[in-house]
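# Close look at the chain arrangement
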Amino acid sequence: MSDAELLSAPVSPGGTIGILGGGQLGRMLAMAAARLGLKTHIYSDEKDAPAFQVCNAHTSARYDDEAALAKFAAACDAVTYEFENVPAAAAAVLARTKPTNPNADALAIIQDRFDEKSFVAKQGLKTANFAAMNSAEDAAAAFAKIGGPAVLKTRRLGYDGKGQAKVSSAEECKTAFASFKSVPSILEQFVAFNFEASVVAVRGADGKFAAYDPAENIHENHILRRSIVPARLTAKQADDAKSIAKKIADALDYVGVLGVELFVQKDGALLVNEIAPRVHNSGHWTIEACVTSQFENHIRAIAGWPLGSTKRHSDAVMENLIGEEAADWKALAAKDGGLHLYGKSEIRAGRKMGHVTYLKPKSAG
C-alpha cells in the first residue's frame, strides 16, 4: 500500500487514535473511541491530564518537543486535537506521517480572530463589523470606524472571556489595547443580540455533512452556564444555522466536528461570532439526547468511518458544573440526569469540573 493509500485508509477497530490535549474534551473523545473498539493515545503537556485516566497510552511532553511528537505520531493511526491553539509546528510534525485533522489551514484561520472573521465574511456570511489593530493609533482609528460600544479582543489565544474587554470610547480602546501589552488585536462592534445559539456539525473526509439541532446558550461571567435544545429558533432559522455551518466546513475542507457560535439578533438574523475547530461544550447534550454523540461522530470522521446519525430523540438541558458545584456530586448523582465528572485533581473558581444533562420527551415539531 502506498503512502497516500495509508494516509486515506480508514482506521480499523483495534487501531489507535492520537489526541493532542488531555482535558475533558480529550477524555470524552477517548471514551467515545472505546465504544467503537478503537484505542487512544493522549499527548498533553500536563502531568496529570484528566484524559490520561481513560486512554490506552499517554505521552506527557511539551507541544514543541518534536522528537516526542514524532514518537507519538508513530504510535497512532490518525491524529486529532481537543483544543484549537495547537502550535503550527506541532501540527506540521504530526501531519507529515499520519492523517491529522482538522487540517493545518483550518487551524491557522481559526486561531486568529481577524483571519477567522475575514474568512467568514468572504463566504458571504454575516458577522459583527470588525477592524484589526497593531498599535495605539490603530486602536483609535478602529474605534472611529466601528464606534461604540465595542469589544476589543486579542487576535490569538483567550477563551471564556479571557483576552477581551468592552470599550465605549477611543481612549478606553487605547487603554484596553495597552493592557493587552499591545499584542495584535481586533475590535468588534458590540451586538445587542436577542440570545446566543450554536450549531455543532460534522464533516467526513468524503465531504459528507451532518448537523445537530442548534442549541440556545446562556453564559455567566463569560462561561457557558447551560445549553438548551431545542433553541428558540424558527424552523427556517435552524436550517439557516446548519447551512452556515456547512458553508464554513466545506470552505475549510474540514474533517471532524466543529462548533459555530451565533448571535441571534432581534430581527431574527444570524451573525457568526466564532468557530471552534473541535468538539464543543454546547454539544455535550448529544451524548444522552442523540443517536450518535458529537464525540463519536468526531472519531468516526477523523478515522475515516461513515458518519453516525445526528438525529435527536429527546429535548435536553445541559448544565456545566463550575468550580465548587462539582463537590455536590452525591446530590447530583441522585437526580434524574446524566452526570459527567471530568476527573480534575483540583477544584478552582471558574473551572469546568463536569456537566449534567437533563432530558425530556421530544416536543412536537
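Located above this text is the structure these notes cover.
From a predicted model like this one, the values you see are computed outputs, not experimental measurements. (Residues numbered from 1 in each chain as written. Predicted model: local features only at pLDDT ≥ 70, side-chain atom pairs only at ≥ 80, totals over all residues. Heavy atoms only, no water.)

## A look at the overall build of the protein
The cut-off we apply is this: Only DSSP runs of H or I reaching four residues or more are called helices, and only runs of E reaching two or more are called strands; each is numbered from the N terminus. Each radius of gyration is computed over the set of C-alpha atoms, and the globule rule expresses the reference value as 2.2 Å times the number of residues to the power 0.38. Residue exposure (1.4 Å probe, protein chains only): buried if accessible area is under 20% of the type maximum, exposed if over 50%, otherwise partly exposed. The contact rule is simple, with two residues in contact once any of their heavy atoms fall within 4.5 Å. Asp and Glu are treated as the negative residues and Lys and Arg as the positive ones, with His and the ends of the chain left uncounted. For the purpose of locating charges, the reference atoms are NZ of Lys, CZ of Arg, CG of Asp and CD of Glu.
Looking only at helices and strands, the protein has 12 helices and 17 strands in total. A compact globule built from 365 residues would reach a C-alpha radius of gyration of about 21 Å, and the protein, at 20 Å, matches this within 12%. Each of the three principal axes of the protein carries a C-alpha extent, and together these read 60 × 50 × 40 Å. Across the 365 residues of the protein, 53% fall into the buried class. Contacts in the protein between residues far apart in sequence, at least 24 positions, make up 62% of those at least 6 positions apart. In the protein, 42 side chains carry a positive charge and 42 a negative one; their mean positions are 3 Å apart.

## A short note on the side chain of Glu216
Selection rule: Between N or O atoms, a polar contact is any pair within 3.5 Å; within protein, one atom must be a potential hydrogen donor and the other a potential acceptor, and residues adjacent in sequence are included only when both atoms are from side chains.
Looking at the secondary structure, you find Glu216 in strand 11 (residues 215-220). There is a polar contact of 2.7 Å between the side chain of Glu216 and the side chain of Arg232. Not counting residues within four places of it along the chain, the set of residues in contact with Glu216 comprises Phe195, Glu196, Ala197, Arg226, Ser227, Ile228, Ala231 and Arg232.

## With respect to helix 5 (residues 104-111)
Defined as follows: For this quantity, the arc is that covered by the directions from the helix axis to the C-beta atoms.
All buried positions along helix 5 are accounted for by Ala106, Leu107, Ile110 and Gln111. All buried residues of helix 5 lie within an arc of 125° about the axis, which places them on one face of the element. The secondary structure elements touched by the buried residues of helix 5 are strand 4 (78-81), helix 6 (113-122) and strand 14 (270-276). The opening residue of helix 5 is Asn103, an N-cap whose side-chain oxygen sits 3.1 Å from the backbone nitrogen of Asp105.

## Quick word on the sheet that holds strand 3 (residues 57-60)
Just so we agree on the cut-off: Being paired, for any two strands, means DSSP has found at least two bridges between them. Think of each axis as a best-fit line through the C-alpha atoms, taken over the contacting stretch in the case of a helix, with angles from 0 to 180 degrees between the N-to-C directions.
Strand order in the open sheet formed by 4 strands is 3-2-1-4, with parallel pairing between adjacent strands. Each edge of the sheet is formed by a strand with only one pairing partner; in this case those strands are strand 3 and strand 4. The sheet shows a mean angle of 20° between the axes of neighbouring strands, taken without regard to direction.

## Describing unusual backbone geometry
Omega for the bond connecting Gly148 with Pro149 falls within 30 degrees of zero, at -5°, which places this linkage in the cis form. You can see Pro149 is positioned in the loop between helix 7 (136-146) and strand 6 (150-154). The phi torsion at Ser182 lies on the positive side, around 55°, for a residue other than glycine. Inspection of the secondary structure assignment puts Ser182 in the loop between helix 8 (170-179) and strand 8 (185-189). The backbone of Asn221 shows a phi angle near 55°, a positive value even though the residue is not glycine. Within the secondary structure, Asn221 is located in the loop between strand 11 and strand 12 (223-229). Since its relative accessible area comes to 69%, Asn221 is described here as exposed.

## A closer look at helix 7
By the burial criterion, the buried members of helix 7 are Ala139, Ala142, Phe143 and Ile146. The buried residues of helix 7 occupy an angular sector of 100° when the element is viewed end-on, so they sit on one face. Turned more than 90 degrees off the buried face of helix 7, the exposed positions are Glu137, Ala144 and Lys145. In the stretch just after helix 7, Gly147 is the one whose phi turns positive, near 80°.

## Observations regarding the pattern of salt bridges
Spelled out, the test is: One speaks of a salt bridge when a side-chain nitrogen belonging to Lys or Arg is within 4 Å of a carboxyl oxygen belonging to Asp or Glu.
Per the counting criterion, the structure on display carries 24 salt bridges. For Arg203, the salt bridge identified is with Asp250, shortest N-O distance 2.9 Å. One end of the pair, Arg203, is in strand 9 (residues 195-203); the other, Asp250, is in helix 9 (residues 235-251), and 47 residues separate them in sequence. Taking the relative accessible area as the measure of exposure, Arg203 reaches 9% and is therefore buried. Classification of Asp250 as partly exposed rests on a relative accessible area of 31%. The partner of Arg203 in a salt bridge is Asp253, and the shortest N-O contact between them spans 3.2 Å. With Arg203 in strand 9 and Asp253 in the loop between helix 9 and strand 13 (256-264), this residue pair connects regions lying 50 residues apart in the sequence. By sharing partners, the salt bridges in this structure join Arg113, Lys117, Lys153, Glu188 and Glu274 into a single network.

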